[in-house]
Amino acid sequence: MDTNLHSPERRLIELRIEHGDLDAMIDRANGERPVDELLMRRLKKRRLGLRDEIARVERVLTPDQPA
């Protein structure tokens, strides 16, 4: 089997899975009382970083077409 474990397509899938996992963690943490504000900030910051990384990988996979 000729599978590239470091391909941008695979990386994009991994990033989207991790982003979804963080969404679920944030939802669960929001339901707890008292809310751990430091944990929430860290989770949201990581989720934002993942969203940025997803956008970068998507740009690599679908470069802009010249006008």
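Preceding this section is the structure that the text describes.
Residues numbered from 1 in each chain as written. Predicted model: local features only at pLDDT ≥ 70, side-chain atom pairs only at ≥ 80, totals over all residues. Heavy atoms only, no water.

Peer 1: So, the nonpolar core: which residues are in play, and what are the values?
Peer 2: Ranked by size, the top nonpolar core spans 10 residues in total: Leu-12, Leu-15, Leu-22, Ile-26, Ala-29, Met-40, Leu-43, Leu-50, Ile-54 and Val-57. At the level of secondary structure, the elements contributing two or more residues to this core comprise helix H1 (8-31) and helix H2 (37-61). Ignoring any residue separated from it by four or fewer positions in sequence, one finds Leu-50 in contact with Leu-15, Glu-18, His-19 and Leu-22. (Core = buried A, V, L, I, M, F, W, Y, C linked by side-chain atoms within 4.5 Å. Buried < 20%, exposed > 50% of the residue type's maximum accessible area, 1.4 Å probe, protein only. Helix = DSSP H or I, 4+ residues; strand = E, 2+ residues; numbered from the N terminus. Contact = heavy atoms within 4.5 Å.)

Peer 1: How would you sum up the packing of H1 against H2? Please name residues and give values.
Peer 2: It is the contact of H1 with H2, at a shortest axis distance of 9 Å, that shows an interaxial angle of 155°. With respect to H2, the axis of H1 lies roughly antiparallel. Both H1 and H2 take part in a crossing whose hand is left-handed. When its residues are assigned to classes, the contact of H1 with H2 shows 13 nonpolar, two polar and 11 charged. (Axes fitted to C-alpha atoms, helices over the stretch in contact; angles between N-to-C directions. Parallel < 35°, antiparallel > 145°, perpendicular 65-115°, else oblique. Left-handed = near helix turned anticlockwise from the far one by under 90°. Nonpolar A, V, L, I, M, F, W, Y, C, P; charged D, E, K, R; others polar.)

Peer 1: Could you give an account of the side chain of Ser-7, with specific residues and numbers?
Peer 2: Looking at the element boundaries, Ser-7 is found in the segment before H1. Among the residues examined, Ser-7 registers a relative accessible area of 12% and is labelled buried. Within the structure, Ser-7 has its side chain in polar contact with the backbone nitrogen of Arg-10 (distance 3.2 Å). (Polar contact = N/O pair within 3.5 Å; in protein donor to acceptor, adjacent residues only side chain to side chain.)

Peer 1: Break down the pattern of salt bridges for me, citing the residues and quoting the values.
Peer 2: In this structure the tally under the stated criterion is five salt bridges. One salt bridge connects Glu-14 with Arg-10, and the closest N-O pair in it is separated by 3.2 Å. One end of the pair, Glu-14, and the other, Arg-10, are both in helix H1, four residues apart, so they sit about a helical turn from each other. Here Glu-18 makes a salt bridge to Arg-46, at a shortest N to O gap of 2.8 Å. (Salt bridge = Lys/Arg side-chain N within 4 Å of Asp/Glu carboxyl O.)

As far as function goes, none of this settles anything; it's purely spatial.
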